[in-house]
Amino acid sequence: MKKVLLLLVMSFGFCGMAYAQFTVKGNVTSSTDGIGLFGVTVFLKGTTNGVTTDVDGNYTLNIPSGNETLVFSYVGFTSQEIEVQGRSTIDIILQEELTSLGEVVVIGYGTQKKKLVTGATVNVDGEKLEALSNTNALQSLQGQTAGVNITSTSGQPGAGFDVVIRGVGTNGNSSPLYVVDGLPVGDITYLNNADIESIDVLKDAASAAIYGSRAANGIVLITTKKGSAGKPQLSFDSYYGVQQIANQVDMLNAREYATIMNEQAINSGKLPYYSNAEIAALGEGTDWFGNILVDDAVTQNYSVGLQGGNNGSIYSTSFSYTGQEGIVGGRDYSNYERYVARVNSEHKLLDDIITIGENLTYSYVKQVGIADGGQYSNQLRGAFNTHPLMPVYDDQGDFYNNAQGEFIDQGTQSNPFGNLAYNNNSEGGNQRLVGNVYLAVEPIEGLKFRTSFGVESSTGQGRSYRPVYELSIYDFNDTSSVSQNANENLNWNWENTVSYQKDFAGGHHAEVLVGSSAQKWRGSWLSASNANLAFDDLKYAYLGNTTYANGPRMGVDGEGYESSLASYFARLLYDFDEKYMFTATMRADGTSNFAEGNRWGYFPSVSAGWVMSSEEFFQSRVVSFMKLRASWGQNGNNFVPAFRFLAPIAVTNANYSFGQGEGQLVPGAVPNRISNPDLQWETSEQLDIGLDIELLEGKIFANIDWYKKTTKDWLIQAPILATAGAEAPYINGGNVTNTGIELVLGWKESIGDLDYSLSFNGAYNKNEVNDIPAEGGIIHGSSNELWNNAPEFYRAQEGFPVGYFWGYETLGIFQNEDEVSAYRMGSEPIQPNALPGDLIIKDVNGDGRITDDDKTMIGDPNPDFVFGFNITANYKGFDLLVNANGVIGNQLVQSYRSVTDQYSNYTREILNRWHGEGTSNEMPRVYENGRNYANFSDIYVKDGDFLRINNITVGYDLSNVIKKDAFKKVRVFLTGQNLFTFTKYSGMDPEIGYGQTFARGVDVGYYPRPRVFMAGVNLKF
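Residues numbered from 1 in each chain as written. Predicted model: local features only at pLDDT ≥ 70, side-chain atom pairs only at ≥ 80, totals over all residues. Heavy atoms only, no water.

Let's talk about the domain arrangement of the chain
Spelled out, the test is: Domain start and stop points were drawn from an automatic or database domain assignment. We call two residues in contact whenever any of their non-hydrogen atoms come within 4.5 Å of each other. Here the quantity called buried area is the total loss of accessible area, with a 1.4 Å probe, experienced by two parts when brought into contact, counted for both. For this analysis, a salt bridge means a side-chain nitrogen from Lys or Arg found within 4 Å of a carboxyl oxygen belonging to Asp or Glu. As used in this structure description, the phrase polar contact means that two N or O atoms lie within 3.5 Å; if the pair is within protein, one of them must be able to donate a hydrogen and the other to accept it, and residues adjacent in sequence are counted only when both atoms belong to side chains. Residues are sorted three ways: Asp, Glu, Lys and Arg are charged, Ala, Val, Leu, Ile, Met, Phe, Trp, Tyr, Cys and Pro are nonpolar, and all the rest, Gly among them, are polar.
Its domain assignment divides the chain into domain 1 (22-94), domain 2 (104-227) and domain 3 (239-251 + 287-648 + 665-805 + 863-899 + 934-1020). Put simply, the middle of domain 1 and the middle of domain 3, counted by C-alpha atoms, are 45 Å apart. At the junction of the two partners, domain 1 supplies five residues and domain 3 supplies five residues. Summed over both partners, the interface of domain 1 with domain 3 comes to about 430 Å²; 46% of that surface belongs to carbon and sulfur atoms. Counting across the domain 1 and domain 3 interface gives zero salt bridges. Across the domain 1-domain 3 interface, the total number found is zero residue pairs in polar contact (both at pLDDT 80 or more). Grouping the amino acids of the side of domain 1 that touches domain 3 by side-chain chemistry returns one nonpolar, two polar and two charged.

A short note on the sheet that holds strand S13 (residues 177-180)
Selection rule: Only when DSSP finds a minimum of two bridges between them are two strands counted as paired. Strands are runs of DSSP state E lasting at least two residues, helices are runs of H or I lasting at least four, and both sets are numbered from the N terminus onward. Angles here are taken between N-to-C directions and fall from 0 to 180 degrees, while the axes themselves are lines fitted to C-alpha atoms, restricted in helices to the stretch in contact.
The mixed open sheet is built from five strands, whose spatial order is S10-S15-S16-S13-S14. In this open sheet, the two strands that pair with only one neighbour each are strand S10 (121-125) and strand S14 (183-185). Taken pair by pair, the neighbouring strands of this sheet meet at an average axis angle of 25°, ignoring direction. Inspection of the sheet shows S13 paired to S14 by three bridges, in the antiparallel sense. Note that in S14 the partner of Val179 across the bridge is Pro184.

Focus on the sheet that holds strand S6 (residues 80-83)
Spatial strand order, S3-S2-S5-S6: four strands in an open sheet with antiparallel pairing. Pairing within the sheet leaves two strands with one partner each, and these edge strands are strand S3 (50-52) and S6. On average, each strand axis in the sheet is tilted by 20° relative to the strand beside it, whichever way the strands run. Where strand S2 (residues 41-44) and strand S5 (residues 69-73) come together, four bridges link them in antiparallel fashion. For Val42, the partnering residue across the bridge sits in S5 and is Phe72.

Considerations on the confidence of the model for the chain
Test applied: One confidence number per residue, pLDDT, is output by the predictor and ranges from 0 to 100.
Averaged over all residues, the pLDDT of the chain is 89; the fraction at 70 or higher stands at 96%. The low-confidence segment residues 1-20 (pLDDT under 50) makes six contacts with residues lying over four places distant or belonging to another chain.

Overview of the UniProt feature "domain: TonB-dependent receptor plug" (unreviewed entry) in the chain
For clarity, the cut-off: UniProt positions are given in the numbering used here, feature names are shortened, and annotations may be inferred rather than shown by experiment.
Those places that UniProt annotates as "domain: TonB-dependent receptor plug" (unreviewed entry) correspond, in this numbering, to residues 117-219. This span, residues 117-219, is 15% helix and 29% strand, and a straight line between its end C-alpha atoms measures 16 Å.

Observations concerning helix H5 (residues 254-267)
Rules: Any helix carries an expected span of 1.5 Å times its number of residues minus one. Exposure classes here rest on a 1.4 Å probe applied to the protein chains alone. A residue is buried below 20% of its type maximum, exposed above 50%, and partly exposed in between.
For H5, which comprises 14 residues, the first-to-last C-alpha distance of 20 Å matches the rise-based estimate of 20 Å (1.5 Å per residue) to within 8%. Counting buried residues along H5, eleven of its 14 residues qualify, which places the element largely inside the surrounding structure. Listing the buried residues of H5 in full gives Ala254, Glu256, Tyr257, Ala258, Ile260, Met261, Asn262, Glu263, Gln264, Ala265 and Asn267. Elements in contact with the buried residues of H5: helix H6 (276-280). At the N-terminal end of H5, a side-chain oxygen is found 3.2 Å from the backbone nitrogen of Arg255, two or three residues along, and the residue is Asn253.

What to know about the environment of Gly39
Examined against the element boundaries, Gly39 turns out to sit in the loop between strand S1 (22-30) and S2. C-alpha separation for the pair Gly39 and Ala724, spaced 685 residues apart in sequence, amounts to 69 Å. Ignoring sequence-local partners within four residues, the contact set of Gly39 consists of Thr52, Thr53, Asp54 and Tyr74.

Thoughts on the pairing of strand S11 (residues 148-152)
With five of five residues buried, S11 lies mostly within the body of the structure. Here S11 shows no split at all, with Val148, Ile150 and Ser152 on one side and Asn149 and Thr151 on the other all buried.

Quick look at the nonpolar core
Here is the rule: By nonpolar core we mean a set of buried residues, namely Ala, Val, Leu, Ile, Met, Phe, Trp, Tyr and Cys, connected to one another through side-chain atoms within 4.5 Å.
Ranked by internal contacts, the top residues of the largest apolar core, which has 81 residues, are Trp714, Leu786 and Phe936. Elements represented by at least two residues in this core include exactly H5, helix H7 (288-292), helix H8 (381-385), helix H9 (416-422), strand S43 (794-797), strand S48 (839-841) and strand S52 (891-894). Per-element tally for this core: the top contributor is H5, with five residues. Counting residues in hydrophobic clusters, the runner-up holds 24 residues, among them Leu129, Val180, Ile188 and Tyr190.

Structural notes on the environment of Val941
Within the element layout of this structure, Val941 appears in strand S53 (residues 941-943). Assessed through its relative accessible area of 14%, Val941 is described here as buried. In this structure the C-alpha to C-alpha distance between Val941 and Ile408, which are 533 residues apart in sequence, comes to 30 Å. Leaving out residues up to four positions away in the same chain, Val941 has contacts with Ile858, Gly859, Gln891, Leu892 and Phe936.

Some details on a negative patch on the surface
Let me state the cut-off plainly: A patch consists of residues exposed above 30% relative accessible area that lack any salt bridge, with like charges linked at up to 9 Å and nonpolar side chains (Val, Leu, Ile, Met, Phe, Trp, Tyr) linked at up to 5 Å. The Shrake-Rupley method, run with a 1.4 Å probe, gives the accessible areas here. Residue values count only the displayed protein chains as cover. Neither His nor the chain termini are counted; the positive set is Lys and Arg, and the negative set is Asp and Glu. Positions of charges follow a simple convention, taking NZ of Lys, CZ of Arg, CG of Asp or CD of Glu.
On the surface, Glu96, Glu103, Asp125, Glu127 and Glu197 cluster together into a negatively charged patch. Of note, Glu197 is situated in strand S15 (residues 196-202).

Let's talk about the pattern of salt bridges
Pairing is possible between side chains that carry opposite charge, provided their charged atoms lie close to one another. Here the structure, examined in full by the defined rule, presents 42 salt bridges. For the salt bridge of Arg331 with Glu337, the shortest nitrogen-to-oxygen distance reads 3.8 Å. Between Lys579 and Glu615 there is a salt bridge; the shortest N-O distance is 3.8 Å. Of the two residues, Lys579 is situated in the loop between strand S28 (555-576) and strand S29 (580-591) and Glu615 in the loop between strand S30 (600-611) and strand S31 (623-637); the sequence distance between them amounts to 36 residues. Assigned by exposure class, Lys579 and Glu615 land together as buried. The network of salt bridges with shared partners includes Arg166, Lys203, Lys627, Arg629, Asp688, Asp692, Asp705 and Glu742.

A look at the packing of aromatic side chains
What counts, and what does not: Ring pairs shown here join Phe, Tyr and Trp side chains whose ring centres sit within 6.5 Å, with only the six-membered ring taken for Trp; geometry is labelled stacked below 30 degrees between planes, edge-to-face above 60, and tilted in between. The rule for a charge over a ring is simple: NZ of Lys or CZ of Arg within 6 Å of the ring centre, and within 35 degrees of the ring normal.
Applying the stated rule across the entire model yields 33 aromatic pairs. Taking 6.1 Å as the distance between ring centres and 5° as the angle between the ring planes, the aromatic pair formed by Phe576 and Tyr580 counts as stacked. Here the aromatic rings of Phe793 and Phe805 are separated by 6.3 Å at their centres, their planes lie at 25°, and the arrangement is stacked. Placement of the pair is Phe793 in the loop between strand S42 (778-780) and S43 and Phe805 in strand S44 (residues 804-807), with a sequence separation of twelve residues. Each member of the pair, Phe793 as well as Phe805, is classed as buried. It is Lys502 that lies over the ring of Phe504; its NZ or CZ is 6.0 Å from the centre. Positioned above the aromatic ring of Tyr906 is the side chain of Arg897, whose terminal nitrogen or guanidinium carbon lies 3.9 Å from the ring centre.

Observations regarding the pairing of strand S50 (residues 865-875)
With eleven bridges connecting them, strand S41 (residues 754-771) and S50 associate as antiparallel partners. Its bridge partner being in S50, Tyr756 is matched across the sheet by Ala873. Where S50 meets strand S51 (residues 878-888), eleven bridges bridge the pair, whose relative direction is antiparallel. Paired with Ile871 across the bridge in S51 is Val882. Linking two consecutive strands that pair antiparallel, namely S50 and S51, is a turn of two residues; a positive phi of about 50° is found at Lys876 within it.

What about the side chain of Arg644?
If you trace the backbone, Arg644 turns up in the loop between S31 and strand S32 (649-650). In this structure, Arg644 is in contact with Asn593, Arg673, Asn676, Leu679, Glu727 and Tyr730, ignoring residues within four places of it in sequence.

Quick notes on the side chain of Glu337
Looking at the secondary structure, you find Glu337 in strand S20 (residues 335-349). The class of Glu337 is buried, set by a relative accessible area of 10%. A distance of 2.8 Å separates polar atoms of two side chains, one belonging to Glu337 and the other to Tyr321. Apart from residues lying up to four places away in sequence, Glu337 is in contact with Tyr321, Thr322, Gly323, Arg331, Tyr364, Val365 and Lys366.

A closer look at unusual backbone geometry
One non-glycine residue, Gln85, lies in the positive phi region at around 55°. By the element assignment, Gln85 lies in the loop between S6 and strand S7 (92-94). With a relative accessible area of 55%, Gln85 lands in the exposed category. The phi torsion at Asn532 lies on the positive side, around 65°, for a residue other than glycine. Relative to the helices and strands, Asn532 resides in the loop between strand S27 (508-531) and S28. Judged by relative accessible area, Asn532 falls into the partly exposed class, the value being 29%.

Rendered as structure tokens:
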């Protein structure tokens, strides 16, 4: 019997030897860049006999005779069948697949084939982000995602971006939730674009519902680069560029300024300040922006990456440095530096039953910046307001001190360049560790247990120094001072999931996921200040070097916080024959931000899809794919400071006097906030219907979505009277609806050696507040924001968009006395004190008087239409990229001048003012008391429409010329950013993300985005 078995084994062996009589080998490369493709499946048609290509794209396969057919298959590329015909070497160039339906996208706690996705999601490949050469990944997303409006909060290096998905749905924080490699984080500014594999944006409630809480504003999922089996791959990416102002606002020069000052005085019943001869002798004067703005500020980036692995372990690691100097003040006053180190690895054990791995990123950011934003903390505003008569420096080369009052302002205005220099002696840094470790066990096929523990930890410190100086009678510092601060924050997240997927007979496929999550935030900060620095230099600016003691110039403050979140979630994915799809999700979240009884929120969702093109009745040579999908779901928002349902007790400034006469001062304690134990979750509910189409085998593609998103039970701070004696409580109140349509259109094609694509995306959105449980159905905006003692100019109100601009509507300008007299209600003039050249204020309520009751909606900061387009092309090693974005239908508020300072400068637009009958019907006459500008009206409101060409990049891969095996890619490129902006807006930049609370689009002196010219290189070895 043993001999028989032995003969059988030997015979099978000889059969195998006889079978493998012919060897074929070769190399598989990509048509787009000529680089070898790793992981291409090469198999004998009709069999399971096959191999995969190595890291260089090489393969070797044994086949029976050499007359068979080989199949080459790779995700994202068109499969090819090649007849061997006795050839021992076959090299293949795979063409990039026009259709992307086979791609796998991230959906939250898993992945899914793009064809089967039933929600409204957008996937952006990391290579597209890196090609745009931006400091921040969010800037690279501009113009690439329909329904996602991304605006810069400032052009200052390291500044963030305001991201709004499908319209503003809350009066509080409207930012989406960012999830990096499965870990929810506060922001993604710590990431280098070269480290990002892909970004997926989940826009509808059904897609985001798996994250439940904090998903009301959408989800942005970031996947960092992972390794792959094969030889180690080394990469180096770098760019170096210079920045400059793209559009500078022109201010009045000295002669023009003196002329306007004279006219103001005469219109106010005074004598002129200057004679014609004195005006002629003034010359151009000081161009403050010319002194503050810097040409050729440097921006640079260097990134080194290494990845590789084998069948059991893979790794990806990188180190990068990013530096950007500011165009305002230059490196000394506005600068950003970021160092990032990243390590990702994964290891499979026990025949792939156990998988362990980690994703870790460490960053260190060193940043200094000027004050920008509001009217007070804004050093650009001084350049708008200071008159051009004052010089920058005195005869000794020091900053000019205007306190002696030799000019028209009598010493009240300050030297803005000197103020910038004296008040920006600071330095600081922030260290951040973000990542997770995970363990997955798959005991049987399809069943997987996964646990992950993630941490986001940061520490920061800073210090600043103010020297003794004097620049005006109001701007001085008579004692040097030092401030130091420190903070630490820890966010940990522990998640556990169990999933099971299985293919059933008859074409049925199902995936089930259940899981739990626990997350906690904890942090503290401390700041201190003191005066009389022993050594007048930032180098020695530490509290230990100050000598002031026992006085009001000493200050100490600090605070701690913590909050937590517990969650349970479940999801079912089902499809039949990849034709009918259904998804259901449920998540429950409990937060410490609310009182017991209100802590838990429940967020369900359902979605379905139908691939109509897979039906037998659907026969079309033109339409190659068509999918109809619909979804409904709810998401939550708990963005309020911790423990706002309680009334904390304050022991500072709570003394009380007891006894006769002056009595005895006794320490006390008082509640400093009104409690609200009924505070509960804000909820966003959304309905989405979408259609995905591909024509001509994927050459033409389109996505259309209609949505209605209603946010209910806003988390707002209640309006209370000052006599309440405590901070106002947070309450639930207010509903807002966003309704819109999104459209994506694209064309991609390969013609010989030319691969190109064109795409357009646009989104229309209507925003309307439905209900506010406050007096008059209004949440009032702040006052004193545009100039000293400025009135309220924005609000949220039932029947209007969130944050709309509220003020007087004007009907032009009175040209003569007859027009003033004719503007009346019956026998009474409507504006009895008006003069020719003054604004005509519309009597909205028709009562014959101009009062606050005549104020109305005069602008909307929310755009009607957000759009973008992209062009890419590759031809024989050359590549071209064009990226653009824009908005239509929004308004901006522009308020550069301080109305209460009669000597403030004007922009050159004032030269178009009314100065006699027929000279202007848009810009009123000027007075010293600013009477035409002291009330907020539509003369401050400007159209914010724009189209910006964000990026034009041209590159060439020299590896086509350098025939060295060591070089897989040697690409050099030239890039121009922010090259052209088509707009009627007269400010430096129409893309304004700044605003207070729920206001947007407010320009009181905005740090503009620079224009950039750069060169770079991408190397792969």
